2 protein chains.
Amino acid sequence: MATIKDLSLKCGVSVSTVSKALNGYKDIGEETKRNILKAANEIGYFPDSNARALKTKKTYNIGVLFSTMFNHGLRNEYFAHILASFNEYATGKGYDINFIEHNVGDRKMTFLEHCSYRNFDGVCIACCADFFDNEIQQVVNSKIPVVVIDHIYNEAISILSDNMEGMRQLTQYIIDQGHKRIAYIHGTNSSVTHNRLVSFYQVLRENGLTIPNEYVVEGIYRDSDTSGLLTQRLLDLQVPPTCIIAPDDYSALGVMNTIRRSGLRIPEDISVAGYDGISVAQALEPKLTTIRQDTDRIGTEAAKQLINLIERPMVTSISNVYLKVSLMKGSSVGYVTSTELNRPSRQSIVD
Amino acid sequence: MATIKDLSLKCGVSVSTVSKALNGYKDIGEETKRNILKAANEIGYFPDSNARALKTKKTYNIGVLFSTMFNHGLRNEYFAHILASFNEYATGKGYDINFIEHNVGDRKMTFLEHCSYRNFDGVCIACCADFFDNEIQQVVNSKIPVVVIDHIYNEAISILSDNMEGMRQLTQYIIDQGHKRIAYIHGTNSSVTHNRLVSFYQVLRENGLTIPNEYVVEGIYRDSDTSGLLTQRLLDLQVPPTCIIAPDDYSALGVMNTIRRSGLRIPEDISVAGYDGISVAQALEPKLTTIRQDTDRIGTEAAKQLINLIERPMVTSISNVYLKVSLMKGSSVGYVTSTELNRPSRQSIVD
DNA sequence: CTGAAAGCGCTTACAG
DNA sequence: CTGAAAGCGCTTACAG
């Protein structure tokens, strides 16, 4: 690759002058500057990123930290989509992205060590199996600018898909369709799960509904088999629910399969809802009733906030940004008629 | 971060000695070496990657090049899974991965410029909308070690999911189930599509089957709506097929929806097959008959070959590696009984 | 076995 | 307005 020295020879000026011209310093002659820029374009000159980083301590590299466990990381569609838009925004601002890993060759590094080894300008933490992991905390507590997705730390900017609001909209919609016996198979415990649960109960309460404890069970995100099994148990209850909310769209497939295997129809006999709004949910029939999380905006917003924090630390506040979700009505949640409402089995539950 | 100088002061030796000890040079005293290694571990010292790269021209960074178009890149499950395993292998060998992009900040770069700007040790090209793109060719023809997934260039190592073999197995299985009127909605033209088509026709011929031209139509990968529309046309034919092969599993959803909307059952009335073996295909009912592409091995193998090429260029041959696929029988392709075989409508087609 | 010195390709005070 | 010089943190011939 051509170096700054090649360019300086070609232009007949010193490397200092070239460097300043390229970096927009004011104290350079108009014509000199024009010449240098022209020559740089001609030979396709770009400053070597390593040399520049060594001097300036700025790499224009952002580290992305995520769990690589089964069903996590790149193999998780929700995260992969967020990463795609994160990358697109960052790239437009001149930042490349890197994955933060534990081991580099034969030596193990902590996440923070990896960050200083690579001199990342900032870090995005997302899709972690365990946000309380000690090594992750280290990164959050370091000097490196950090943005976190779907979790709140005091010390970092958080981008959150509005889970309280999402669950509120979904639950309210189901209730508005006449359902009173609503079951919720939720995902493994986390702050996301917690907020959804709180919101679920809250909306039930606001509508004067109570449900039996057996209607709320713990499943596993993105595990349709588990959700299928749990669905069977719900169907076997003496008074089964009229609607089942799955942990996510993918798991909803397991719920639907089990229901159909029992000879029941969706949504005529029993309704199903998901969460996420992944594409496959909309290719199913009936189309899944779900909450769409705006992965594009989550990724874009995370990148934007992080780059602001990197470039203008003093005017960027450490805040929590909640992103809107939207209800996708689909047709897997049916309308419960008043006849059904009068069934004794239901009455015994409602009050 | 601690520098090599800090470490040399702590150990009371020169930086040269520290550097050599850390890099496994032989001409260092046993005890000196032990001391240095111990101290390095204590303070969590890692050489600054930029400084090292500047001197050695080795970054331990691999660039990954892919299209970011709709339905491509990270938003494509097939590619995201390959990338995940590629990253896991590379990381274990000490390489981090970076995405290769067009624009860096306000200035546009060609892909090759981005590679030299970042000094990538090697490049993996995958999942491109257009492998004949001029900028991609530039990278392939450069001095940088390159591995390509699912496409063959003369100048680079190729890792290929065996599409000929996959399509062979799938088609043969369908024929073995008694089908003779098999339709194929294939994806947009590419070498992958071409090979699958060639193989499809070849197996038909080997089995003494011919199909009408209308049975082979061009769809779009991962576009279930288009596949749904094309399915409708196939169903409307005077002599419709008994089995439809979709471009991929995701598109198969569209095929299935259209079939069901027509009041037909799968597989009793008509059979469906996909391609890819993505997880959702196995969560459907009936389970989709499909070919599983081994994304784990593709990613791992690509990383392995690329790193070999980087580290031992003289003993690594530029070859094409074909990876095995496997048939997932599922239950969306049914058995066609002999009664059905004797139907006049079929006979008129077969010979 | 150890260390002084040069140099990788840049940027940036500083002097002129 | 321009350029010489120092230095970012390393590695690696080379000398001793």
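Residues numbered from 1 in each chain as written. Chains lettered and ligands numbered in written order. Predicted model: local features only at pLDDT ≥ 70, side-chain atom pairs only at ≥ 80, totals over all residues. Heavy atoms only, no water.

A few points about the overall build of chain A
Helix and strand counts for chain A stand at 15 helices and 14 strands. Against the compact-globule benchmark of 20 Å for 351 residues, chain A has a radius of gyration of 26 Å, which places it well outside the compact range. The principal-axis extents of the C-alpha atoms in chain A amount to approximately 95 × 40 × 35 Å. Counting all 351 residues of chain A, 55% fall into the buried class. A separation threshold of at least 6 residues defines the contact pool for chain A, and within that pool the share at least 24 residues apart is 69%. One way to put it: in chain A the 36 positive side-chain charges average out to a point 5 Å from where the 39 negative ones average out. (Helix = DSSP H or I, 4+ residues; strand = E, 2+ residues; numbered from the N terminus. Rg over C-alpha atoms; globule rule 2.2 N^0.38 Å. Buried < 20%, exposed > 50% of the residue type's maximum accessible area, 1.4 Å probe, protein only. Contact = heavy atoms within 4.5 Å. Lys, Arg positive; Asp, Glu negative; His and termini not counted. Charge placed at Lys NZ, Arg CZ, Asp CG, Glu CD.)

Concerning the UniProt feature "domain: HTH lacI-type" (unreviewed entry) in chain A
If you check UniProt for "domain: HTH lacI-type" (unreviewed entry), the listed places come out as residues 2-56 of chain A in our numbering. For the annotated span residues 2-56 of chain A, helix accounts for 69% and strand for 0% of the residues, and the straight-line distance between the end C-alpha atoms is 20 Å. (UniProt positions renumbered as here; feature names shortened; annotations may be inferred.)

Concerning the interface of chain A and chain B
Contacts between chain A and chain B engage 59 residues on the former and 59 residues on the latter. In total, about 5,300 Å² of surface goes out of reach between chain A and chain B, with carbon and sulfur atoms giving 49% of it. On the chain A side of the contact with chain B, A:F46, A:R75 and A:Y117 bury the most area, a combined 14% of that side's loss. Linking chain A with chain B are 8 salt bridges, by the criterion used here. Taking the shortest distance from any N to any O, the salt bridge between A:R75 and B:E88 comes out at 3.2 Å. Seen at the junction of chain A and chain B, the total is 27 residue pairs in polar contact (both at pLDDT 80 or more). No other element matches the 9 residues that helix 5 (residues 77-92) of chain A contributes to the side of chain A that touches chain B. Split into classes, the residues belonging to the side of chain A that touches chain B amount to 23 nonpolar, 22 polar and 14 charged. (Buried area = accessible area lost by both parts, 1.4 Å probe. Salt bridge = Lys/Arg side-chain N within 4 Å of Asp/Glu carboxyl O. Polar contact = N/O pair within 3.5 Å; in protein donor to acceptor, adjacent residues only side chain to side chain. Nonpolar A, V, L, I, M, F, W, Y, C, P; charged D, E, K, R; others polar.)

Some remarks on the protein's contact with DNA strand D
The environment of DNA strand D is formed by 29 residues, the closest being A:K20, A:D27, B:I4, B:S19 and B:Y25. The sugar-phosphate backbone supplies 57% of the atoms of DNA strand D found within 4 Å of the protein. In this structure, A:S14 approaches DNA strand D through a main-chain N or O atom, which is 3.0 Å from a phosphate oxygen. At a separation of 3.2 Å, a phosphate oxygen of DNA strand D approaches a polar side-chain atom of B:R52. Secondary-structure elements contributing two or more residues to the surface near DNA strand D are helix 2 (15-22) and helix 4 (49-56) of chain A together with helix 2 (15-22) and helix 4 (49-56) of chain B. Sorting elements by how many residues they give to the surface near DNA strand D places helix 4 of chain B first, with 5 residues. Split by residue class, the surface near DNA strand D holds 11 nonpolar, 10 polar and 8 charged. (Near = heavy atom within 4 Å.)

Remarks on the protein's contact with DNA strand C
Taken together, 29 residues lie near DNA strand C, and A:I4, A:S19, A:Y25, B:K20 and B:D27 sit nearest. Here DNA strand C approaches the protein such that, of its atoms within 4 Å, sugar and phosphate make up 57%. A distance of 3.2 Å separates a phosphate oxygen of DNA strand C from a polar side-chain atom of A:R52. For DNA strand C, a phosphate oxygen lies 2.8 Å from a polar atom in the side chain of B:T32. Of all the secondary structure elements, the ones that give two or more residues to the surface near DNA strand C are helix 2 and helix 4 of chain A together with helix 2 and helix 4 of chain B. For the surface near DNA strand C, the element with the most residues is helix 4 of chain A, which contributes 5 residues. Taken together, the residues of the surface near DNA strand C sort by class into 11 nonpolar, 10 polar and 8 charged.

Considering the packing of helix 8 (residues 163-176) of chain B against helix 9 (residues 191-206) of chain B
Residue and element names in this part refer to chain B. Closest axis-to-axis distance for the helix 8/helix 9 pair is 8 Å, and the angle between their directions is 40°. When you trace helix 8 past helix 9, the crossing you get is right-handed. Packed against helix 8, whose contacting residues are N163, M164, M167, R168, T171, Q172 and I175, the element helix 9 presents V192, N195, R196, V198, S199, F200, Q202, V203, L204 and E206 at the interface. Its residues placed into classes, the contact of helix 8 with helix 9 shows 8 nonpolar, 6 polar and 3 charged. (Axes fitted to C-alpha atoms, helices over the stretch in contact; angles between N-to-C directions. Left-handed = near helix turned anticlockwise from the far one by under 90°.)

Digging into the domain arrangement of chain A
Split into domains, chain A comes out as domain 1 (4-47), domain 2 (61-161 + 297-323) and domain 3 (163-293 + 328-350). Just the C-alpha atoms count here: the centres of domain 1 of chain A and domain 2 of chain A sit 35 Å apart. (Domains from an automatic or database assignment.)

Section: the relation of the copies chain A and chain B
Between chain A and chain B, which share one sequence, the superposing operator has a rotation angle of 180° and an axial displacement of 0.0 Å; the RMSD is 0.1 Å. Those values place the two copies in the arrangement expected of a two-fold rotation axis. Here 100% of the interface residues in chain A have copies in chain B that are interface residues too; the copies meet face to matching face. (Least-squares fit on C-alpha atoms with pLDDT ≥ 70 in both.)

Some thoughts on the nonpolar core
Across soluble globular proteins, nonpolar side chains show a tendency to be buried alongside one another. Counting residues in each nonpolar core, the largest one holds 90 residues, and the members touching the most others are A:F200, A:I245, B:F200 and B:I245. If we ignore the near neighbours within four places in the chain, the residues touching A:F200 are A:M167, A:T171, A:I182, A:Y184, A:I211, A:V216 and A:I245. Membership of the second largest hydrophobic core comes to 60 residues, among which are A:I97, B:Y78, B:F86 and B:A126. (Core = buried A, V, L, I, M, F, W, Y, C linked by side-chain atoms within 4.5 Å.)

Looking at the side chain of B:D162
All names here are of chain B. The topology assignment puts D162 in the loop between strand 7 (157-161) and helix 8. Although buried, D162 forms no salt bridge, and the nearest oppositely charged side chain, R168, lies 8.2 Å from it. Those residues in contact with D162, other than ones at most four positions away along the chain, are Y275, Y322, L323 and V325.

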